[in-house]
Amino acid sequence: MATIGIDINIAKTILEEGNLVAIPTETVYGLAGNAFNVDAVAKIFKAKNRPTFDPLIVHVDSFERLSEFTEELPAKAAQLTAAFWPGPLTILLKKKAIISDLVTAGLDTVAVRMPRHALTRELLKSLDFPLAAPSANPFGYISPTSAQHVNQQLGDKIEYILDGGECGVGLESTIVSFENEVPKILRLGGISTEEIEAVIGKVEVNSHSSSQPQAPGMLKSHYAPKKRILMIDALERVTEDFSTYGYLGFNVFDRRFKLENQILLSESENLNEAAKNLFGGLRALDQNPNINAIVVTFVPEKGLGRAINDRLRRATAK
Ligand code: TXA
Ligand code: MG
């Protein structure tokens with residue numbers, strides 16, 4: 001198992017040696033390595049068992065660092081970063097040669113964001129390089145929102161997990177591209193579409209579920225638990241006894257399941273709270289030995305609810 005701690009100097013040393021550290025962010029925990037060191041980046045793919053066609057997000061703490069490896073921001077990207085950085089917004093920018101093709105899966109753009117978590121910001125400030133970091137989960141599984149989640153699944157692959165407590169947002173960052181200066185949302189996430197449109201006007205959302213993604217990583221099936229998972233309306237077609245199924249509800253329990261096998265995302269119907277509880281709730285049901293399948297239900301399709309529903313759609317996709 002990895003050591004869990006709050007010592008930035010330990011994390012810094014490991015990263016400078018070209019090894020990996022799990023880091024807290026406001027969205028989910030990341031599995032970080034030196035983005036300028038191709039060997040370190042290769043270790044990320046290996047530890048996650050992630051296909052190399054799926055590019056990584058690079059994390060920075062300043063615009064000076066950003067300009068070392070990206071071209072100028074398009075005007076609307078600058079407006080968005082002014083509004084939401086540090087925070088759960090990732091933008092795609094034209095990359096410079098210092099970023100290897102492994103980070104970007106051969107694309108000419110690199111995904112970048114400035115995270116908000118204080119510990120990770122302090123760590124980034126202490127380093128001479130930015131951090132490439134995908135979510136710290138085995139490829140395809142539920143993203144981790146605590147140091148313990150990371151340890152359960154990648155603990156034997158890394159030395160150190162920087163413990164920043166539970167993630168405040170709980171959903172990955174929103175990804176926006178600016179091809180031909182036209183902003184497009186490629187992944188719904190911690191900044192809602194409404195918030196983005198309030199800054200730069202109407203934006204196309206193109207987070208299609210696809211099993212052959214043209215923007216890599218937008219895989220149809222993702223964020224999936226190990227147990228069977230189904231949408232509540234699919235229960236009608238279940239012929240076996242489902243009294244041993246678990247339920248991840250939004251704000252109300254469902255009488256068809258045992259009370260102790262149910263988790264609610266937000267009794268007060270707060271979508272931010274629901275987002276924060278989503279991955280932990282799915283994971284708890286997946287690990288509950290008394291249930292043999294997980295039933296989920298959509299939340300209202302607004303604000304962070306859109307991103308929650310996106311994750312639920314992918315988690316239940318075949
Ligand atoms: O909140 C987050 O974004 C977290 C934390 C750790 O920062 N990171 C995260 O990384 O969610 P990951 O690797 O799980 O998801 C990154 C997504 C992938 O779907 C990948 O395909 C997409 O970003 N991506 C990265 N670079 C891209 C590029 N140049 N063009 C299109 N998609 C890109
Ligand atoms: Mg991920």
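Just above sits the structure.
Residues numbered from 1 in each chain as written. Chains lettered and ligands numbered in written order. Predicted model: local features only at pLDDT ≥ 70, side-chain atom pairs only at ≥ 80, totals over all residues. Heavy atoms only, no water.

Draft legend 1. Layout of the sheet that holds strand β13 (residues 246-249). With respect to topology, 4 strands assemble into an open sheet ordered β12-β15-β13-β14, the strand pairing being parallel. Taken across any chain shown, the strands that pair with only one partner, and hence form the sheet edges, are β12 (228-231) and β14 (262-264). Mean inter-strand twist for the sheet, computed between neighbouring axes without regard to direction, equals 20°. As judged from the 4 bridges shared by β12 and strand β15 (residues 293-296), these two strands associate in the parallel manner. Along β15, the bridge assignment pairs isoleucine 229 with isoleucine 294. Its contacts with the sheet place helix α10 (residues 305-316) against β12 and β15, and it is angled at close to 130° to β12. (Pairing = 2+ DSSP bridges. Helix = DSSP H or I, 4+ residues; strand = E, 2+ residues; numbered from the N terminus. Axes fitted to C-alpha atoms, helices over the stretch in contact; angles between N-to-C directions. Contact = heavy atoms within 4.5 Å.)

Draft legend 2. Spotlight on helix α9 (residues 271-287). With 17 residues, α9 ought to run about 24 Å at 1.5 Å a step, and its terminal C-alpha atoms sit 24 Å apart, in line with that. Along α9, the largest kink reaches about 40° and is centred on asparagine 277. Among the residues making up α9, those that are buried are Leu271, Ala274, Ala275, Leu278, Phe279, Gly281, Leu282, Arg283, Leu285 and Asp286. (Expected span 1.5 Å × (residues − 1). Bend = angle between axes of the 7 residues up to and from the residue. Buried < 20%, exposed > 50% of the residue type's maximum accessible area, 1.4 Å probe, protein only.)

Draft legend 3. Broad picture of the pattern of salt bridges. The full count for this structure, using the stated rule, is 13 salt bridges. A salt bridge links aspartate 54 to arginine 50; its shortest N-O distance comes to 3.4 Å. Arginine 50 gets classed as buried once you look at its relative accessible area, which sits at 12%. Between arginine 65 and glutamate 68 there is a salt bridge, with the nearest N and O atoms lying 3.1 Å from each other. Highlighted residues: arginine 65 and glutamate 68, both in helix α3 (residues 63-69), separated by 3 residues, approximately one helical turn. A relative accessible area of 13% means that arginine 65 is categorised as buried. Salt bridges sharing common partners tie together Glu172, Asp310, Arg311 and Arg314. (Salt bridge = Lys/Arg side-chain N within 4 Å of Asp/Glu carboxyl O.)

Draft legend 4. Main features of the sheet that holds strand β5 (residues 89-94). Strand order in the open sheet formed by 11 strands is β1-β8-β2-β3-β7-β4-β6-β5-β9-β10-β11, with mixed pairing between adjacent strands. The two strands at the open ends of the sheet, each matched to only one other strand, are β1 (3-5) and β11 (204-205). Note that strand β10 (residues 184-187) and β11 share 2 bridges and pair parallel. Looking at β11, one finds that isoleucine 185 is bridged to valine 205.

Draft legend 5. How the structure looks around unusual backbone geometry. With omega at -10°, the peptide bond leading from tryptophan 85 into proline 86 counts as cis. Topologically, proline 86 is positioned in the loop between α4 (75-84) and β5. Positive phi, close to 55°, is recorded for alanine 105, a residue that is not glycine. Mapped onto the elements, alanine 105 comes out in the loop between α5 (101-104) and β6 (109-113).

Draft legend 6. Broad picture of the nonpolar core. The biggest cluster of nonpolar side chains holds 69 residues, and the ones touching the most others in it are Leu89, Val112, Ile196 and Ile308. Considering every element that reaches this core, the biggest residue donor is α9, with 7 residues. In terms of domain composition, this core takes at least three residues from each of domain 1 (3-205) and domain 2 (228-315). Formed by 16 residues, the second largest nonpolar core is a distinct cluster that contains Ile23, Leu124, Leu131 and Ala133. (Core = buried A, V, L, I, M, F, W, Y, C linked by side-chain atoms within 4.5 Å. Domains from an automatic or database assignment.)

Treat this as a map of the structure, not an account of what it does.
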